[in-house]
Amino acid sequence: MELVKKNIHMNRQKGREVSQIHLDEDQNVPDRKADVEKVIWEKSEIRVEEVRPAADHVFIRGVVCFDILYMDHERSQQMHSMHGRLPFEDTIQMEGVAPQDNLCVEWELLQPAVTVINSRKINFRAVITLTVTLEEVYDEDITVDLYEAPQMFQKKQTASLLQMKVSKKDILRIRNQWQLPADKPNIGEILFYTVTAKGVRIRCLENRLLVQGTFLIFALYQGEPEGSAPAYCSYEIPFEETLDCSNCQENMISHIPWELGMHELEIKPDSDGELRVLSFEGVLELSIKLYEEEEVEGIVDVYSVAQEVKPQIKMTQFTRLLVKNETECRTAKRMKIADTSARVLQICHSDGNVQLKQTEPVEKGLKAEGEIAISVLYITADDMQPLRLAKGTIPFSQVIDMPNLSASSSGDGYLYHVVPSLEQLSVQMMDSEEMEIKAVIRMDAIVFDKHEEPVLTDIICMPMDYEKLNQLPGMVGYRVCPGDDLWTIAKANYTTTEKLMQINGLKDEQLRPGMQLIVLKELPAMQ
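Given the structure is predicted, the values throughout are model-derived calculations rather than measurements.

**Student:** Is there a simple way to explain the overall build of the chain in this structure?
**Tutor:** Of regular secondary structure, the chain possesses three helices and 21 strands. Its C-alpha radius of gyration of 33 Å places the chain more than 25% over the 24 Å reference for a compact globule of 527 residues. The principal-axis extents of the C-alpha atoms in the chain amount to approximately 110 × 45 × 45 Å. For the chain, buried positions account for 46% of its 527 residues. Long-range pairs, those at least 24 residues apart, make up 77% of the contacts in the chain between residues at least 6 apart in sequence. Summing over all exposed atoms, the chain offers an accessible surface of approximately 27,000 Å²; the carbon and sulfur share of this is 43%. Positive and negative side-chain charges of the chain, numbering 56 and 85 respectively, have mean locations separated by a distance of 2 Å.

Next up, the structure:
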């Protein structure tokens, strides 16, 4: 006798740890840069450069890159920029981690702030949150049939299982360049720029991934000749690219969080040699996980009327998809301008960063709460300080529709992933002191259900104990108890479900508590 098995390839979360690093660093203004009077705008991002697992701990090394736009100390109409890098490292204790393990690291930069200490020194403060997840890829075998097993009766059970087909990281690199409109001055120096990826959609194709979206680029630059007023421009770069992805199929279930990675904006000359061309290169970092849902019919019990059989059953944990959904959350808020000393003439640019604070199951849904950190750059009537920045936050709350979820769907049995992204952001002046901000947030959510199923791992066969069997009555009357089924009754009385149905005139295997059955044992090996 041989057990015919089907291999199931899966992944599971073995551990998760969260660590925080508080940055509070002073930075000197480089000698070649002008004095700092007032910081107008700052941006910062985390770049993780090394993740090194070791025995029961993880070492992480990275850098916080920040840029500031500031006013000159001597000539307040002049603007300058400054770039800085703050290295960090952390050792996170994590029981069970080994050097060869696969780790997923997520990071978030909270409450970044730049303070002017004096004209030649600034202070940068922020909180870095690092979340390390230990994932294990493993295999389980499910017995689906028996080969050369005469007179062996099988009980099968169908389970919905999720197989891991692809688990890897990849990048999508986008390059583009464009020329300034005719009404814009030549570029002397890029003072400040922002890059946002919006409308990113990722779809499975055969052995490929289709990635679509748009890069939104805003650039503030010093125009030529030197000393002229700063100018700005905006540009959209739509993209539709494919990435090679072996084993990918169109019907697979995808979970692909993405992050905006390295990006660079450079000045290039046009055909006439004038500095009027901007060249962009940006990277999307993809964490690709593709699954295939499969209905597997496995053997969960066996018995024989010709020999003694002891099935070896192991309870094994599997994962299945509970629900996958996406939704849009619309939110709006009026925001007061803190500095009202000058009249607002024009809004130049608005930017937002979505921060998800909490997710929890509710009845028939998953509730997501968070906020959008808003920055609005605008032009004022003040010739001494024409550019100013308004900051604020917009809270949001959305229930993502998930019919299979309930308020009690919590604990170790479920795993939630919600990936938010800012789809739309609009800012409109309501009066001289107040702005109305409207935003649309897209949330992709997926919920996995971890459950245990019985798996037949082996069968121990022994000769039939006929002396014991002969002591049992050949025919008995049996009253059905709650929870009984034909399989259990047949196995306990050395007969078959077919024989029970035939003798008792049953049309199907449905039993009711209190039913009277006639049970005849079978002894084929003694005939």
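**Student:** I keep staring at the pattern of salt bridges and nothing clicks. Help me out?
**Tutor:** Pairs can form between side chains of opposite charge whenever their charged atoms are close. Taken as a whole, this structure holds 28 salt bridges when the rule is applied. Here Asp485 makes a salt bridge to Lys155, at a shortest N to O gap of 3.7 Å. Within this pair, whereas Asp485 is found in the loop between strand E20 (475-479) and helix H2 (486-492), its partner Lys155 is found in strand E7 (residues 152-179), the two being separated by 330 residues in sequence. We note a salt bridge from Arg330 to Glu328, for which the minimum N-O separation is 3.8 Å. Judged by relative accessible area, Arg330 falls into the exposed class, the value being 61%. The exposure class of Glu328 is partly exposed, given its relative accessible area of 39%.

**Student:** Even after reading the chapter, I still don't get a nonpolar patch on the surface, so can you show me in this structure?
**Tutor:** Together, Met475, Ile503 and Ile518 give the surface a local cluster of nonpolar side chains, amounting to about 260 Å² of exposed area. With respect to the element layout, Ile518 can be found in strand E21 (residues 516-520). Judged by relative accessible area, Ile518 falls into the partly exposed class, the value being 39%.

**Student:** For this particular structure, what's the right way to read the pairing of strand E10 (residues 230-244)?
**Tutor:** The side chains of a regular strand alternate between the sheet's two faces. By the bridge criterion, 15 bridges tie strand E9 (residues 208-223) to E10 in an arrangement that is antiparallel. When the bridges of E10 are listed, Leu220 appears paired with Tyr232.

**Student:** What should I look at first to understand the side chain of Glu308 in this one?
**Tutor:** Here Glu308 shows up in strand E14 (residues 308-336). A distance of 3.4 Å separates polar atoms of two side chains, one belonging to Glu308 and the other to Tyr494. With sequence-adjacent residues up to four places away left out, Glu308 is seen in contact with Ile460, Cys461, Met462, Pro463, Met464, Asp465 and Tyr494.

**Student:** In this structure, what is going on with the packing of aromatic side chains? I would like to understand it.
**Tutor:** Aromatic rings in a pair are described by how distant their centres are and how their planes are angled relative to each other. On inspection of all chains with the given rule, the structure shows 10 aromatic pairs. Ring plane angle 50° and centroid distance 6.1 Å describe the contact between Trp41 and Phe218, whose orientation is recorded as tilted. In this pair, Trp41 is assigned in strand E2 (residues 36-54) and Phe218 in strand E9, connecting sequence segments 177 residues apart. Linked through ring pairs, Trp41, Phe192, Phe218 and Tyr232 together constitute an aromatic cluster. Stacked on the ring of Phe192, the Lys or Arg Lys43 has its end atom at 5.4 Å from the ring centre. Residue placement shows Lys43 over the ring face of Tyr193; its charged tip is 4.0 Å from the ring centre.

**Student:** Which parts of the structure should I look at to understand helix H3 (residues 497-504)?
**Tutor:** Within H3, burial applies to Thr497, Leu500 and Met501. In an axial view of H3, the angular spread of the buried residues amounts to 95°, which keeps them on one side of the axis. Among the exposed residues of H3, those pointing more than 90 degrees away from its buried face are Glu498 and Gln502. Looking at the packing, one finds that the buried side of H3 touches strand E13 (275-304), H2 and E21. One or two positions beyond H3, positive phi appears at Gly505, with a value near 65°.

**Student:** Any chance you could explain the sheet that holds E2 here in plain terms?
**Tutor:** The strands making up a sheet associate through hydrogen bonds between their backbones, and the pairing can be parallel or antiparallel. Here we have three strands laid out as an open sheet, ordered E2-E3-E4, and antiparallel in their pairing. Either end of the sheet is taken by a strand with one partner, and the two such strands are E2 and strand E4 (79-93). Across the sheet, the mean angle separating the axes of adjacent strands is 15° when strand polarity is ignored.

What counts, and where the lines are drawn
- Residue numbers here run from 1 along each chain, matching the order of that chain's written sequence.
- Two thresholds apply to this predicted model, a pLDDT of at least 70 for residue-level local features and 80 or more for giving and counting side-chain atom pairs, whereas whole-chain, interface and lining totals are computed over all residues.
- Hydrogens and water molecules were not included; the side-chain quantities draw on all heavy atoms of the structure.
- In this description a helix means any DSSP run of H or I spanning at least four residues, a strand means any run of E spanning at least two, and both kinds are numbered starting from the N terminus.
- Only C-alpha atoms enter the radius of gyration, while the globule expectation follows 2.2 Å times N to the 0.38, with N the number of residues.
- The buried label goes to any residue with under 20% of its type's maximum accessible area, the exposed label to any with over 50%, and the partly exposed label to all in between, with areas taken from a 1.4 Å probe on protein chains only.
- Here a residue-residue contact requires only that any non-hydrogen atoms of the pair lie within 4.5 Å.
- Using a 1.4 Å probe, accessible areas were evaluated by the Shrake-Rupley method; residue-level cover was limited to the displayed protein chains.
- In this charge count, Lys and Arg are treated as positive and Asp and Glu as negative; neither His nor the chain ends contribute.
- Charge positions come from single atoms, namely NZ of Lys, CZ of Arg, CG of Asp or CD of Glu.
- Here a salt bridge means any side-chain nitrogen of Lys or Arg lying within 4 Å of a carboxyl oxygen belonging to Asp or Glu.
- Grouping into patches uses exposed residues only, defined as over 30% relative accessible area, and leaves out salt-bridged ones; the cut-off is 9 Å for like charges and 5 Å for nonpolar side chains (Val, Leu, Ile, Met, Phe, Trp, Tyr).
- Any two strands are treated as partners once DSSP identifies two or more bridges connecting them.
- Polar contact criterion, stated in full: a pair of N or O atoms within 3.5 Å, where within protein one must be able to donate a hydrogen and the other to accept it, and residues adjacent in sequence count only if both atoms are side-chain atoms.
- Between rings of Phe, Tyr and Trp, where Trp is taken as its six-membered ring, a pair exists when centres lie within 6.5 Å; planes separated by under 30 degrees are stacked, by over 60 edge-to-face, and by other angles tilted.
- Only when the NZ of Lys or the CZ of Arg is both within 6 Å of the ring centre and within 35 degrees of the ring normal is a charge said to sit over the ring.
- Note: the arc covers the axis-to-C-beta directions of the helix.
- Note on geometry: axes are C-alpha line fits, over the in-contact stretch for helices, and angles between N-to-C directions span 0 to 180 degrees.

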